[in-house]
Amino acid sequence: MDRSARLYERARRAVASGVNSPVRHYDPYPFFAERAAGGAVWDADGRRYVDLCGAYGAMLLGHRNAAVVSAVSRQLRRGTLYCMPTAEETELAELISRDYPSMRRVRLVNTGLEATMAAIRLARGHTGRPKIVKFDGCYHGAHDYALVRAGSGVAHYGLADSAGSLRAAARQTRVARYNDAASLEAAMDDGVAAVIVEPVMANMGVIPPRRGFLRSVARIARSHGALLIFDETVTGYRLGRGGAQGAYGVRPDITTLGKALGGGLPIAALGGRRDVMESLAPMGPVYEASTFAGNPVSVAAAIASVREAARLGARLYARLDRECAALASSVSDAAASRGIAHTVNRAGSMFQVFFSDAPVTDRDSAMAADRARFARLAALLRERGVFVPPSQFEASFLCHAHTRADLARA
Ligand SMILES: Cc1ncc(COP(=O)(O)O)c(C=O)c1O
């Protein structure tokens, strides 16, 4: 029995369901991480894996990026939590507004969940309307407003939503089909406060928007007086410094960021139009609060990470895009040469393989792929020292720190 197996047995007796987030489990037991550096992670038995999970997209710069580590170390010497405003919080908000001009005012929170929950409440409070429209398979965090036909672990475990979620909340959430503007039009009425979308779906595997789809979403939302929320928890600082809104040229009313923003520490943000954001308390009537919001350690990491992305500039994203395209096409060539039906979807530095010969453009086509085969592929890759998220409904991510040798191994 290896050490991970023993650690898992122990965890099963102490940690609810053995893991602190469902997507971390796979059969027969997950390996336990011991340490990470650059583009690699080591398990409790000392085995090294090329890390294509990258903490589900958070590690854009790689593990233990020098600029992030030294900013965090500096901050640790100055204190970990004040619960008072700091100059650095403002500096980070200014940097975010520079990279995301649609985010005229910014509020810092801790997780993507908090960011989308606050964004939805803000949209309701600002418009005075009760409903939201989301897209089938999009995941916006584990809260009642958005746990409706969600992707990620919810789809992986075959749940439609979650036991215990309030039906009254779910009834106010309508679902449209991704990449299908007509289905959004059909879901709209004058009671809809906001349309929320992952501009590139990253929680049913990777599903890019069809040409013109995001513009149609913006047009339809606005024609009904609803706000447009881009959930860029994954795509922010990932598809480019300006996220999906920069890449596709669509300006949302509210944006959420998370994951890559923090260089591996927990931090997220929501931001948007000035008039909308000023509906937040204490100036406005929409309440949102957290003890740890804007905590100085995460803020230091985020400033370092955002500055590093700016320093590396467009070259960073161009290289990641090139390397990911090459990896995706070599995966595709390998499958084709063995006569295996497959589709590889990619956007920038994220990609996913589906064992299906039909195009994967929405939740239904992703669900039709052969998931058992994908699980076998993920297990085989682990045996060969490459870690990809073990679920079909996640994405693989390249990072700045992956070496040529890492990519060749993958
Ligand atoms: C698009 C999207 N939104 C929101 C979230 C929730 O973020 P967190 O896990 O930080 O709460 C996720 C998490 O995977 C996500 O992918």
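In this text the structure is predicted, and so the values were computed from the model without any measurement. (Residues numbered from 1 in each chain as written. Predicted model: local features only at pLDDT ≥ 70, side-chain atom pairs only at ≥ 80, totals over all residues. Heavy atoms only, no water.)

Draft legend 1. Representation of the nonpolar core within the structure. In this structure, Leu 92, Ile 96, Tyr 237 and Leu 261 are the most contacted members of the largest nonpolar core, which totals 44 residues. Of all the elements in the fold, those that place two or more residues in this core are helix H3 (66-76), helix H4 (87-99), helix H12 (296-337), strand E12 (350-354) and helix H14 (371-383). It is H12 that provides the largest number of residues to this core, a total of 15 residues. Shared between two domains, this core takes at least three residues from each, and those domains are domain 1 (3-64 + 313-409) and domain 2 (66-308). The residues touching Leu 261, leaving out its near neighbours within four places in the chain, are Leu 92, Ile 96, Tyr 237, Ile 267, Ala 268, Ala 269, Ala 302, Ser 305 and Val 306. The next biggest cluster of nonpolar side chains, apart from the first, holds 30 residues, and it includes Tyr 178, Val 195, Val 197 and Val 360. (Core = buried A, V, L, I, M, F, W, Y, C linked by side-chain atoms within 4.5 Å. Buried < 20%, exposed > 50% of the residue type's maximum accessible area, 1.4 Å probe, protein only. Helix = DSSP H or I, 4+ residues; strand = E, 2+ residues; numbered from the N terminus. Domains from an automatic or database assignment. Contact = heavy atoms within 4.5 Å.)

Draft legend 2. A look at the site of the ligand. Residues in contact with the ligand, as listed here, are Thr 111, Gly 112, Leu 113, Tyr 139, His 140, Gly 141, Glu 198, Asn 203, Asp 231, Thr 233, Val 234 and Lys 259. Take Asn 203: an N or O atom from its side chain is 2.9 Å from an oxygen atom of the ligand. Look at the ligand: alone it shows 390 Å² of surface, and the protein chains cover 81% of it. (Near = heavy atom within 4 Å. Polar contact = N/O pair within 3.5 Å; in protein donor to acceptor, adjacent residues only side chain to side chain. Areas by Shrake-Rupley, 256 points an atom, 1.4 Å probe, with all protein chains shown as cover.)

Draft legend 3. Structural view of the pattern of salt bridges. One pass over the structure, following the stated rule, counts 23 salt bridges. Among the salt bridges present, the one from Arg 105 reaches Glu 278, with a minimum N-O distance of 3.6 Å. With Arg 105 in strand E4 (residues 105-109) and Glu 278 in the loop between helix H11 (274-277) and H12, this residue pair connects regions lying 173 residues apart in the sequence. Overlapping salt bridges, with partners in common, bring together Asp 2, Asp 43, Asp 45 and Arg 47 in one network. (Salt bridge = Lys/Arg side-chain N within 4 Å of Asp/Glu carboxyl O.)

Draft legend 4. Region of interest: the pairing of strand E7 (residues 192-197). By the criterion of burial, E7 is predominantly enclosed, with six of the six residues buried. Inspection of the sheet shows strand E5 (residues 131-135) paired to E7 by three bridges, in the parallel sense. Bridged to Ile 132 within E7 is Ala 194. By the bridge criterion, four bridges tie E7 to strand E8 (residues 227-232) in an arrangement that is parallel. The residue bridging Val 195 from the neighbouring strand is Leu 228, located in E8. Once the chain exits E7 it traverses helix H9 (residues 213-223) before rejoining the sheet at E8, and the crossover so formed is right-handed. (Pairing = 2+ DSSP bridges. Right-handed = clockwise from strand over helix to strand, strands pointing away.)

Draft legend 5. Main features of the domain arrangement of the chain. When the domains of the chain are assigned, the result is domain 1 (3-64 + 313-409) and domain 2 (66-308). Here domain 1 and domain 2 have C-alpha centroids that lie 24 Å from each other. Facing 36 residues of domain 1, the contacting portion of domain 2 comprises 37 residues. Regarding the contact of domain 1 and domain 2, the summed buried area is about 3,000 Å², with carbon and sulfur atoms giving 58% of it. Seen at the junction of domain 1 and domain 2, the total is three salt bridges. The residue Asp 136 makes a salt bridge to Arg 363 at a minimum N-O spacing of 3.6 Å. Inspection of the domain 1/domain 2 interface yields eleven residue pairs in polar contact (both at pLDDT 80 or more). Looking at the side of domain 1 that touches domain 2, the elements with two or more residues in it are helix H2 (54-57), strand E11 (343-347), E12 and helix H13 (363-367). (Buried area = accessible area lost by both parts, 1.4 Å probe.)

Draft legend 6. Molecular detail of the layout of surface pockets. Space inside the second largest pocket adds up to approximately 770 Å³. Glu 89, Ala 93, Val 106, Arg 107 and Leu 108 are the residues nearest the centre of the second largest pocket, which is lined by 28 residues in total. When contributions to the lining of the second largest pocket are tallied by element, the ones reaching two or more residues are H4 and E4. Counting residues per element, the lining of the second largest pocket draws most heavily on H4, which supplies five residues. A per-class count over the lining of the second largest pocket returns 14 nonpolar, seven polar and seven charged. (1 Å grid on protein atoms, 1.4 Å probe; cavity = no way out; pocket = protein on both sides within 12 Å on 5 of 7 lines; lining within 4 Å. Points joined across faces, edges and corners; volume = space filled by probe spheres on them. Nonpolar A, V, L, I, M, F, W, Y, C, P; charged D, E, K, R; others polar.)

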